Amino acid sequence: MNIQEIIAKKRDNQILEKEEIEYFIKSYTEEEITDYQAAALIMAIYINGMNEEEITNLTMAMAHSGDILDLSELGTVVDKHSTGGVGDKVTLILAPIISSLGIPVAKMSGRGLGYTGGTIDKLESIPGYKTNLSIEQFKENVKEIGISLIGQTMNLAPADKKIYALRDSISATESIPLIASSIMSKKIAAGANKIVLDVTYGSGAFMKTKADAQKLADTMQKIGEISGRETICILTSMEQPLGKNIGNILEVKEAVEFLKGNGEKDVQEVILELGSNMLKLAGKGEDLEENKQKIKETISNGKAYQKLKELVQHQGGDVSYIENLEKFETAKYILPVISNKTGIVKSLKAEQVGKISVELGAGRIKKEDKIDPSVGIILNRKIGDSITEGEIIAYIHANDEEKGKEAVRKLQDTYEIK
Ligand code: URA
């Protein structure tokens, strides 16, 4: 088999055979084909798409590019994954909540992709937190404290790790076959038997319309069925950023505040919706409203916050940062964004906000780029809020003054005030 022929086939919008897909995944994982050849094929898939059978074959080949964990000894293990968003700190909040309610959480998360953030980059902004545990340690932590959140650094779905970084640097993110195979290969490899997927739509999501998000959800659900993992998908809007902080340390701080009972309303809605379904899937309660109540309780009695601290400690993180958020590094320049109008915020496109945050250094432009954990954006006003000319609508956190000033100008333009 040869990679040029496979690229040409997809370039010409033909259907790839299972063996061709397996050959590509194996050879790319083993570095027998180059990044530029893989980039060409990925772009051809992005442009011409894949049918259902091709997507399933791609997912299975990616899942089997490394080890497949067997977590059956841990009982019902629930996993959660989002198709991506801006300001999306849901995993940092929801994983400890679910674990504090007695359901083991074993989750492999991703890094930032395009203009969306990634849980692993956020967790790594906690000094000492290790995202690259061995499989034994990962399982051990789940057994011991009921939770572990890791990255793709061990031999789980290594093909996704490579393709994910490549897609990020060639603008090939918004694609149903590529997103579905990326997420489901990780979920299958990480071993959870119940999966809740947060499928986002709107300006800050990879699926711009609800109809496309539904198609992506249907595709992933079908792969879940084929692989014997009970999967449910919840569609959530990502028209504007979620919550008020965007950027790695800033989002960790917002997540901790949420677990201490100071959560933003839009974040709370997503947490309750996803969390109540996770409890149901784990067999802990059929009634979603009762489940929401349990979630509120585990926050108000401090158990979810304690669980986050336990998680950080068990993965080598310095828990004193969680206890005292002031200890986190702050950016050199904190620049106010002043409203030049009086009125109501009509729109605040999450994609634009995400791109501004990436340019500040919170995400990667090239796949080798290092994240700057302290930079980002704090939104004082969101859609529907009123504002008077001269008031501060947001703050830019920057380590480079020029980039910071540019971000102020861009964010001012992103706010549509009427
Ligand atoms: N999350 C992933 O893991 N992969 C994607 O492609 C998008 C979001």
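Residues numbered from 1 in each chain as written. Predicted model: local features only at pLDDT ≥ 70, side-chain atom pairs only at ≥ 80, totals over all residues. Heavy atoms only, no water.

Attention now goes to the overall build of the protein chain. Within the protein chain one finds 17 helices and twelve strands. The C-alpha atoms of the protein chain give a radius of gyration of 21 Å, which matches the 22 Å a tight globule of 418 residues would have. Based on the C-alpha atoms only, the size of the protein chain along its principal axes is roughly 65 × 45 × 40 Å. Counting contacts in the protein chain only where the partners sit at least 6 residues apart, residues at least 24 apart contribute 76% of the total. Carbon together with sulfur atoms contributes 47% to the accessible area of the protein chain, which is approximately 16600 Å² in total. In the protein chain, the 53 positive side-chain charges and the 63 negative ones have mean positions that sit 2 Å from each other. (Helix = DSSP H or I, 4+ residues; strand = E, 2+ residues; numbered from the N terminus. Rg over C-alpha atoms; globule rule 2.2 N^0.38 Å. Contact = heavy atoms within 4.5 Å. Areas by Shrake-Rupley, 256 points an atom, 1.4 Å probe, with all protein chains shown as cover. Lys, Arg positive; Asp, Glu negative; His and termini not counted. Charge placed at Lys NZ, Arg CZ, Asp CG, Glu CD.)

Moving on to the side chain of Ser-125. You can see Ser-125 is positioned in the loop between helix H6 (119-123) and helix H7 (135-145). Looking at Ser-125, the relative accessible area reads 8%, which means it is buried. In contact with Ser-125, not counting residues within four places along its chain, are Asn-248, Ile-249, Val-252, Phe-328 and Pro-373. (Buried < 20%, exposed > 50% of the residue type's maximum accessible area, 1.4 Å probe, protein only.)

Around the ligand, a shell composed of His-81, Ser-82, Thr-83, Leu-113, Tyr-164, Arg-167, Ile-179, Ser-182, Ile-183 and Lys-186 is seen. One nitrogen or oxygen atom from the side chain of His-81 is found 2.9 Å from an oxygen atom belonging to the ligand. Relative to its unbound accessible area of 240 Å², the ligand is 96% covered by the protein chains. When contributions to the shell around the ligand are tallied by element, the ones reaching two or more residues are strand E1 (78-82), helix H8 (158-169) and helix H9 (176-190). If you tally residues by element for the shell around the ligand, the top one is H9, at four residues. (Near = heavy atom within 4 Å. Polar contact = N/O pair within 3.5 Å; in protein donor to acceptor, adjacent residues only side chain to side chain.)

What follows deals with the nonpolar core. With 71 residues, the main nonpolar core has Phe-24, Ile-377, Ile-396, Leu-411 and Tyr-415 as its most contacted residues. It is H9 that contributes the most residues to this core, seven residues altogether. If sequence neighbours within four positions are ignored, Ile-377 has contacts with Lys-244, Asn-245, Ile-246, Leu-250, Val-353, Ile-356, Ser-357, Leu-360, Tyr-395, Ile-396 and Leu-411. Formed by 49 residues, the second largest nonpolar core is a distinct cluster that contains Val-252, Ile-295, Leu-308 and Leu-311. (Core = buried A, V, L, I, M, F, W, Y, C linked by side-chain atoms within 4.5 Å.)

Moving on: the domain arrangement of the protein chain. By domain assignment, the protein chain separates into domain 1 (3-49), domain 2 (72-323) and domain 3 (330-417). Inter-centroid distance (C-alpha atoms) of domain 2 to domain 3 is 25 Å. Across the boundary between the two partners, domain 2 contributes 29 residues, which contact 26 residues of domain 3. Contact with domain 3 buries area across many residues of domain 2, yet Tyr-115, Gln-240 and Ile-246 alone supply 25% of it, more than any other trio. Counting across the domain 2 and domain 3 interface gives four salt bridges. A salt bridge links Lys-349 to Glu-239, with the shortest nitrogen-to-oxygen separation between them at 3.7 Å. Along the contact surface separating domain 2 from domain 3 lie 13 residue pairs in polar contact (both at pLDDT 80 or more). Per-class residue counts for the side of domain 2 that touches domain 3 are ten nonpolar, eleven polar and eight charged. (Domains from an automatic or database assignment. Buried area = accessible area lost by both parts, 1.4 Å probe. Salt bridge = Lys/Arg side-chain N within 4 Å of Asp/Glu carboxyl O. Nonpolar A, V, L, I, M, F, W, Y, C, P; charged D, E, K, R; others polar.)

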